[in-house]
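# Per-entry structural report
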Amino acid sequence: MDVAAGTHQLGTRSGRLLVRTGRTGLGAKAGHDLVIEVARWHGEAVVDPGDPAASSLTVEAEAGSLEVREGTGGVKPLTDSDRREIEKNIREKVLHTAEHPTIAFRSTGVEGTPESFRVHGDLTIVGVARPVTLDCRFEGDRVRGTATVTQSRWGIKPYSAFFGALKLSDDVEVRFDVGLD
């Protein structure tokens, strides 16, 4: 595997940053599992394949740019009106984007090999920073990976409706697929 050493600019031109949600509660059948895309984000990766500990990653995302791309499950298909309402709830009730417009990740350490590595760092959501680990791998000139974000660790109350009968699961999965320039 030939991983390009150096500094790489990341963003929507080079890849995708997705959030996958699930549902729980007595009314879970009525809701949808969602795929939400971060439409505006940028970052920088410093890659040193010979010394992973010398590598680093920073990413900033515009919290108000989350867009619902897909909704599966549920009693009825997800409509455009549903998408708009979900996006409004994310901005106003979950992420409070007027007060906290940015979500940021700053690495604190990298370990492993290009085939399988972990990036440890601090994720700041709604103004609160907590540690999180990204599980990653290189596939050619692309980096793919996942992380689990437990909303309540950041003081976020998972969205609920129908007097709590339908709830968003506390854990959401963040997936990324990014090309290195």
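Every value quoted in this text rests on a predicted model; they were computed, and no experiment measured them.

For the protein chain, the helix and strand inventory stands at one helix and 14 strands. For a compact globule of 181 residues, the expected C-alpha radius of gyration is about 16 Å, and the protein chain comes in at 17 Å, within 12% of that figure. Viewed in the frame of its principal axes, the protein chain has a C-alpha envelope of about 55 × 30 × 25 Å. For the protein chain, the residues scored as buried account for 38% of the 181 residues in total. The long-range fraction of contacts in the protein chain, counting pairs at least 24 apart against all pairs at least 6 apart in sequence, stands at 60%. When the accessible surface of the protein chain is summed, it comes to about 9,800 Å², and 51% of that surface belongs to carbon and sulfur atoms. Averaging the positions of the 23 positive and the 27 negative side-chain charges in the protein chain gives two centres separated by 9 Å.

In total, this model carries 13 salt bridges according to the counting rule given. A salt bridge links D177 to R142; the nearest nitrogen and oxygen atoms lie 2.7 Å apart. Here D177 is found in strand β14 (residues 171–179), whereas its partner R142 is found in strand β11 (residues 142–150), with 35 residues between them in sequence. Accessibility expressed as a relative area gives 24% for D177, which makes it partly exposed. Accessibility expressed as a relative area gives 25% for R142, which makes it partly exposed. Between R175 and E173 there is a salt bridge; the shortest N-O distance is 2.7 Å. On the basis of relative accessible area, E173 is assigned to the partly exposed category, the value being 25%. Through salt bridges with shared partners, a single ionic network connects R137, E139, R142, R144 and D177.

Turning to the nonpolar core, a few remarks are in order. In this structure, L95 and I125 are the most contacted members of the largest nonpolar core, which totals 42 residues. The contacts of L95, once residues within four sequence positions are left out, are A63, L66, I90, H100, I103, I125, V126 and I156.

Of all residues in the protein chain, 92% have pLDDT values of 70 or greater, and the mean over the chain is 90. The weakest mean pLDDT in the protein chain belongs to strand β12 (residues 160–161) at 68; the strongest belongs to strand β6 (residues 56–62) at 98.

Bringing the sheet that holds β11 into the picture now. With antiparallel pairing, eleven strands are arranged side by side in an open sheet as β1-β5-β6-β8-β9-β10-β11-β14-β2-β4-β7. The sheet is open, and its two edges are formed by β1 (6–11) and β7 (66–72), each paired on a single side. Adjacent strand axes in the sheet meet at a mean angle of 20°, parallel and antiparallel pairs treated alike. Bridge count between strand β5 (residues 41–47) and β6: six bridges; the pairing is antiparallel. Directly across from A45, in β6, lies its bridge partner L57. Seen against the sheet, helix α1 (residues 80–94) touches β4 (33–38) and β7 and runs at an angle of roughly 130° to β7.

Calculation notes
Residues numbered from 1 in each chain as written. Predicted model: local features only at pLDDT ≥ 70, side-chain atom pairs only at ≥ 80, totals over all residues. Heavy atoms only, no water. Helix = DSSP H or I, 4+ residues; strand = E, 2+ residues; numbered from the N terminus. Rg over C-alpha atoms; globule rule 2.2 N^0.38 Å. Buried < 20%, exposed > 50% of the residue type's maximum accessible area, 1.4 Å probe, protein only. Contact = heavy atoms within 4.5 Å. Areas by Shrake-Rupley, 256 points an atom, 1.4 Å probe, with all protein chains shown as cover. Lys, Arg positive; Asp, Glu negative; His and termini not counted. Charge placed at Lys NZ, Arg CZ, Asp CG, Glu CD. Salt bridge = Lys/Arg side-chain N within 4 Å of Asp/Glu carboxyl O. Core = buried A, V, L, I, M, F, W, Y, C linked by side-chain atoms within 4.5 Å. pLDDT = per-residue confidence, 0-100. Pairing = 2+ DSSP bridges. Axes fitted to C-alpha atoms, helices over the stretch in contact; angles between N-to-C directions.

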